[in-house]
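Overview (structure and organization)
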Amino acid sequence: MRDGRMFLVAASALSIAALMVAQEPRQQGPALGASGEAGLAKLIAATSKESRACIKCHENGAAPVVVEQWAQSRHAENGIGCYECHQADKADKDAFQHNGFTISVLVTPKDCGQCHDQETKEFEASHHAKAAEILGSLDNVLGDVVEGPPALNMACAQCHGSTVKILAGGKPDPATWPNEGIGRINPDGSKGSCCVCHSRHTFAVSIARQPEICGYCHLRPDHPQEEIYAESKHGVTYRALIAKMNLDSGSWVLGKDYNAAPTCATCHMGATKDLPATHDVGTRLSWTLRPEVSIRQQAWQQKRNDMKKVCLNCHASSWVNNFYTQYDSAVDLYNTKFGEPAKAIMAKLQAAGKLGATPFSKKIQWDYFEMWHHQGRRARMGAAMMGPDYVQWHGFYEVAKTFYSEFLPEAEALLPGVTAEVVNAPENQWLKGLSQEDRDKVKEYYQKRYGE
Ligand code: HEC
Ligand code: HEC
Ligand code: HEC
Ligand code: HEC
Ligand code: HEC
Ligand code: HEC
Ligand code: HEC
Ligand code: HEC
C-alpha cells in the first residue's frame, strides 16, 4: 500500500493520460475504478510487491513509456506486473541481478506459457516456431555465402529468428539480440518470440488482428501475401469498414463479434461459431506453395474443411467450393506446365555435369530460382488469396517469360536436346506458331477495337 501511495505522489501528467486510455470501456475484462487516481491505485495495488518496486523506479526515468504502455494492458487489469514476466531463476543462463531482483530481459514463449498454455502449445507445434531452421536451404546459401553473414543476420534472422547467445553476466550477445524473428531459438530451449505479433508492452490483441503485423514478414517479392490481400475484395472491404471490425474486443468470434471483412488472422487463426481459434497457422492449409513444385499437406481435406468453415460464414457453399476448384486448377497449371518440367530439365543438366559447382554459379540457376521462388510463388499465392494481378502480371506472365525466353533456350544451349520432350508436349504447341484461325481472331479484334 505504501508503495502505491508513493507512486501516486510521483505520478506524472503522462501516466494519468495513460490511465485514461486504460479506463476506456472494453467489451470484456474487469471494469476499472471510476476516478483516475483510484483506477491507477487499483492497478498498482493489484500487482505483487516486486512489481510495485519495478514500476516505482522505471516510472521515474528508466524507459518510463514501458510503464505507461503496461498500464493500458490486460496484464495490468489482471494484476500481472513486470516481475511476473521478467523474473528468473539464478540458474537460468539469461538471469542477472538487477536492483535486488533476479531477472531476465528475455521473456520467451516458455515464460508466457506458464499462464497461456494453450496458445503456447499451438504456436510451438506450428511452422512459425520452426522458422529459424533454414540452414541447408538454397536461401541460406544465398544469404550466408553468396551475399554474406551480416545480410543473413540483419535480413533472414530478423524474420526467421536468431539463436540468442548469452554473454557472461546473463545479458544477451548484441550480435544475436535484439531479435524478434518468429522462430527465434531462446537460451531456455523454447522457440519463437510471442512479441512478434503481440507488441509489448500493451500486448493489445487489436495489433495482432491487423494484416499489417503479418505483413512485417509476409510481403514481396517471394511471398507477397500483404499485397495480395490489399488487392483482394477482402482487403479493400477491411480498409473501408475497419471501424466495424471490433478489433479491440475481448471475444472475437466471426459472425458474433464482427462480420465486416476477414483479415489474415480471421482466416488463418480466428474463431468462428463452429471452429476454435488456433495459434498454429498451418492447420487450415491444404497445399504448401513454397517449394519448386507445390505439394499437398498431410490430412489436407480436413484442413481445407476447417478453412471452409471460415468462408461459409459469409459465402454459400457453391461459391466456396467453386473457388477451391479454380484455385486447384491454377496450382496444377503451375506444377504441370512449368514447375515439374523445369525441375526435370535441371536434374538432367545436373546429371550431365552442365551446372556449376554451387546452386548459383550459372545464369540458368538464377533464372530457375527466380521462376519458382519468386514468380511461381506469386502466381500460386495470388490464386490462394484472390489477388488476380498477382496471379497474372506479377505471376504467370513472369513465369512464362522466364520459362520460354530464358530457361528453355539456356538449357538447350548447355545440353542440346534436353528440352525436346517439353517443347513437343501438347501444351507447348503454340511455340510452333499460332493457327491461321487464331491469327485471324487477333487481327479481327484489333480492327474492331482500334480500327487498325
Ligand atoms: C532502482 C531502480 C530500478 C528498479 C527497482 C528496477 N529497475 Fe529495471 N532498470 C532500471 C534502470 C536505470 C535500467 C537501465 C535503463 C537503460 O539502460 O536505459 C533498467 C533496465 C531494465 C531492463 C533492461 C535491462 C537490459 O539490460 O536490457 C529490464 C528488463 C528491467 N529493467 C526490468 C525491471 C524489473 C522487472 C524490475 C522489477 C523486478 C526492475 N527493472 C526494477 C532501474 C530499475
Ligand atoms: C506480459 C509480460 C511482460 C510484462 C508484464 C512486462 N514485460 Fe517487459 N518485456 C516483455 C517481453 C516479451 C520483452 C521483449 C524481450 C525479448 O526479446 O524477449 C520485454 C522487454 C522489456 C525491456 C527491454 C526491451 C526494450 O525495449 O528496451 C524492458 C526495459 C522491460 N521489458 C521492462 C518492463 C517493465 C518495467 C515492466 C513493468 C512495467 C515490464 N517490462 C512488464 C514482457 C513483459
Ligand atoms: C503470470 C501470468 C501471465 C504471464 C506470465 C503472461 N500473461 Fe498474458 N495474460 C495474463 C492474464 C491473466 C490475461 C488477461 C486474461 C485473458 O485475457 O486471458 C492476459 C492476457 C493476455 C493477452 C490478451 C490481451 C488483450 O488485449 O486481450 C495477450 C495477447 C497476452 N496475455 C499475451 C502474453 C504474452 C505474449 C506473454 C509473454 C510475453 C504473456 N501474456 C505472459 C496472464 C499472463
Ligand atoms: C521479410 C521477412 C523475411 C526475410 C528477410 C527472409 N524470409 Fe524467408 N520466409 C519468410 C516468410 C514469411 C516465409 C514463408 C512464406 C510462405 O509460407 O508463404 C519464408 C520462407 C522461407 C523458406 C521456406 C521454408 C519452407 O518451409 O519451405 C526458407 C528456406 C527461407 N524463407 C529462408 C530464408 C533465408 C535464408 C533468408 C535470407 C537470405 C530469408 N528467408 C529471408 C520471411 C522472410
Ligand atoms: C503470428 C502472430 C502471433 C503470434 C506469433 C502469437 N500470437 Fe497470440 N494472438 C494472435 C492473434 C491474431 C490473436 C487474436 C486471435 C483472435 O482473437 O481470434 C492472438 C491472441 C492471443 C491471446 C488472447 C486469446 C484470447 O482468447 O483472448 C493470447 C493469450 C495469446 N495470443 C498469447 C500468445 C502467446 C503466449 C504467444 C507465444 C507463444 C503468441 N500469442 C504468439 C497472433 C499471434
Ligand atoms: C516475424 C515474421 C513473421 C510474422 C510477423 C508472421 N509470419 Fe507467418 N511465417 C513466417 C515464416 C518465416 C514462415 C515460414 C516458416 C517455415 O516454413 O519455416 C511463415 C509461415 C506462415 C504460414 C504457413 C504455415 C504452414 O504451416 O505452412 C502461414 C499461414 C502464416 N505464416 C501466416 C501468418 C499470419 C496470419 C501472420 C499474422 C497474424 C503471420 N504469419 C505473421 C514469418 C512470419
Ligand atoms: C479470406 C481468407 C484469407 C485471408 C483474409 C488471408 N488468407 Fe492466407 N490463405 C487463404 C487460403 C484459402 C490459402 C490457401 C490454403 C490452401 O492451400 O488450402 C491461404 C494461404 C496462405 C499461406 C500459405 C502459402 C504457402 O506457402 O503455402 C500464407 C503464408 C498465408 N495465406 C498468409 C496470409 C497473410 C499474411 C494474410 C494477410 C495479409 C492472409 N494470408 C490473408 C485464405 C486467406
Ligand atoms: C467476413 C466475411 C467474409 C469471409 C470470412 C470470407 N469472405 Fe470472401 N468476400 C467477402 C466480401 C465482403 C467480398 C466482396 C463481395 C462483393 O464484391 O460484393 C468477398 C469476395 C470474395 C470473392 C470474390 C473476389 C473477387 O475477385 O471479386 C471470393 C472468390 C471469395 N470472397 C472467396 C472467399 C473464400 C474462399 C473465403 C474463405 C477462405 C472467404 N471468401 C471468406 C467476405 C468474406
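Since we're looking at a predicted model, the values are computed, not measured. (Residues numbered from 1 in each chain as written. Chains lettered and ligands numbered in written order. Predicted model: local features only at pLDDT ≥ 70, side-chain atom pairs only at ≥ 80, totals over all residues.)

Remarks on the overall build of the protein chain
When its secondary structure is counted, the protein chain shows 22 helices and six strands. With the C-alpha coordinates of the protein chain rotated into their principal frame, the extents come out at 90 × 50 × 45 Å. The buried share of the protein chain, taken over its 452 residues, is 31%. Counting contacts in the protein chain only where the partners sit at least 6 residues apart, residues at least 24 apart contribute 57% of the total. (Helix = DSSP H or I, 4+ residues; strand = E, 2+ residues; numbered from the N terminus. Buried ≥ 20, exposed ≤ 12 C-beta atoms within 10 Å, placed from the backbone. Contact = placed C-beta atoms within 7 Å.)

Regarding the packing of helix α10 (residues 138–147) against helix α11 (residues 149–160)
Contact geometry for α10 and α11: axes closest at 6 Å, N-to-C directions at 140°. It follows that α10 is oblique to α11 by the angle criterion. Residue-level contacts link Gly143, Asp144 and Glu147 of α10 to Pro149, Ala151, Leu152, Ala155 and Cys156 of α11. Grouping the amino acids of the contact of α10 with α11 by side-chain chemistry returns five nonpolar, one polar and two charged. (Axes fitted to C-alpha atoms, helices over the stretch in contact; angles between N-to-C directions. Parallel < 35°, antiparallel > 145°, perpendicular 65-115°, else oblique. Nonpolar A, V, L, I, M, F, W, Y, C, P; charged D, E, K, R; others polar.)

Here's the deal with the nonpolar core
Ala342, Tyr368, Met371, Phe403 and Phe407 are the most contacted members of the largest nonpolar core, which has 30 residues in total. Looking at this core, the elements that each hand over two or more residues are α14 (225–231), α16 (264–268), α18 (317–351), α19 (363–384) and α20 (388–414). If sequence neighbours within four positions are ignored, tyrosine 368 has contacts with Ala342, Met346 and Phe407. Counting eleven residues, the second largest nonpolar core, distinct from the first, contains Leu40, Ala76, Cys82 and Cys85. (Core = buried A, V, L, I, M, F, W, Y, C linked by C-beta atoms within 7 Å.)

Observations regarding unusual backbone geometry
Residue proline 178 is reached from tryptophan 177 by a cis peptide bond, and omega for that bond is 10°. Looking at the element boundaries, proline 178 is found in the loop between α11 and α12 (205–208). Even without glycine at this site, asparagine 99 takes up a positive phi of about 50°. Inspection of the secondary structure puts asparagine 99 in the loop between β1 (96–98) and β2 (101–103).

With respect to the domain arrangement of the protein chain
By domain assignment, the protein chain separates into domain 1 (2–86), domain 2 (96–196) and domain 3 (331–450). Taken together, the contacts link five residues of domain 1 with six residues of domain 2. Elements supplying a minimum of two residues to the side of domain 1 that touches domain 2: α4 (49–58) and α7 (82–86). For the side of domain 1 that touches domain 2, the leading source of residues is α7, giving three residues. A per-class count over the side of domain 1 that touches domain 2 returns three nonpolar, one polar and one charged. (Domains from an automatic or database assignment.)

Details of the site of ligand 1
Every one of the 16 residues lining ligand 1 counts as a neighbour, but Cys54, Cys57, Ala62, Cys82 and His86 are closest to it. Where the shell around ligand 1 is concerned, the elements lending two or more residues are α4, α7 and β2. For the shell around ligand 1, the leading source of residues is α4, giving five residues. In terms of residue class, the shell around ligand 1 is made up of ten nonpolar, four polar and two charged. (Near = placed C-beta within 6 Å.)

Some points on the site of ligand 2
Near ligand 2 you find 22 residues, and of these His58, Trp70, Cys82, Cys85 and Val107 are the closest. Counting residues per element, the ones that place at least two in the shell around ligand 2 are α4, α5 (64–71) and α7. With four residues, α7 is the largest single contributor of residues to the shell around ligand 2. Looking at the shell around ligand 2, you find at least three residues from each of domain 1 (2–86) and domain 2 (96–196).

So, α11
Note on helix geometry: an α-helix contains 3.6 residues per turn, so any two residues three or four positions apart are oriented the same way. Taken as a whole, α11 has its buried residues at Cys156, Ala157 and His160. Buried positions in α11, seen along its axis, are confined to an arc of 95° and lie on one side of it. Those residues of α11 that are exposed and angled more than 90 degrees off the buried face are Pro150, Met154 and Ala155. Along its buried surface, α11 packs onto α10. (Arc of directions from axis to C-beta.)

Structural notes on helix α15 (residues 233–240)
Where α15 is concerned, the buried positions are His234, Gly235 and Tyr238. Projection of α15 onto a plane perpendicular to its axis shows the buried side chains occupying an angular sector of 95°, all on one side. Exposed side chains of α15 directed beyond 90 degrees from the buried face belong to Lys233 and Ala240.

A word on the environment of valine 196
Here valine 196 lies in the loop between α11 and α12. Taking the C-alpha atoms as reference, valine 196 lies 27 Å from lysine 90; in sequence the two are 106 residues apart. When neighbours within four sequence positions are excluded, valine 196 is seen to be in contact with Glu180 and Ile182.

Here's the deal with the confidence of the model for the protein chain
As a note on interpretation, predicted positions should not be read in detail where pLDDT is low. Per-residue pLDDT for the protein chain has a mean of 90; in total, 92% of the residues score no lower than 70. In this model residues 1–35 is a low-confidence stretch, pLDDT under 50, and it forms 58 contacts with partners more than four residues away in sequence or in other chains. (pLDDT = per-residue confidence, 0-100.)

Here's the deal with the packing of α18 against α19
Viewed as axis vectors pointing N to C, α18 and α19 meet at an angle of 170°, and their least axial separation amounts to 9 Å. Relative to α19, the element α18 is oriented roughly antiparallel. Every residue of α19 that contacts α18 at Tyr327, Ala330, Val331, Tyr334, Phe338, Gly339, Ala342 and Met346 is listed here: Tyr368, Met371, Trp372, Gly376, Ala379, Arg380, Ala383 and Ala384.

Points about the environment of glutamate 133
The topology assignment puts glutamate 133 in the loop between α9 (117–124) and α10. For glutamate 133, a count of 14 C-beta atoms within 10 Å translates into the label partly exposed. Considered as a pair, glutamate 133 and threonine 402 are 269 residues apart in the sequence and their alpha carbons are 30 Å apart.

Concerning the environment of aspartate 139
Relative to the assigned elements, aspartate 139 resides in helix α10. Note on aspartate 139: 15 C-beta atoms within 10 Å, which makes it partly exposed.

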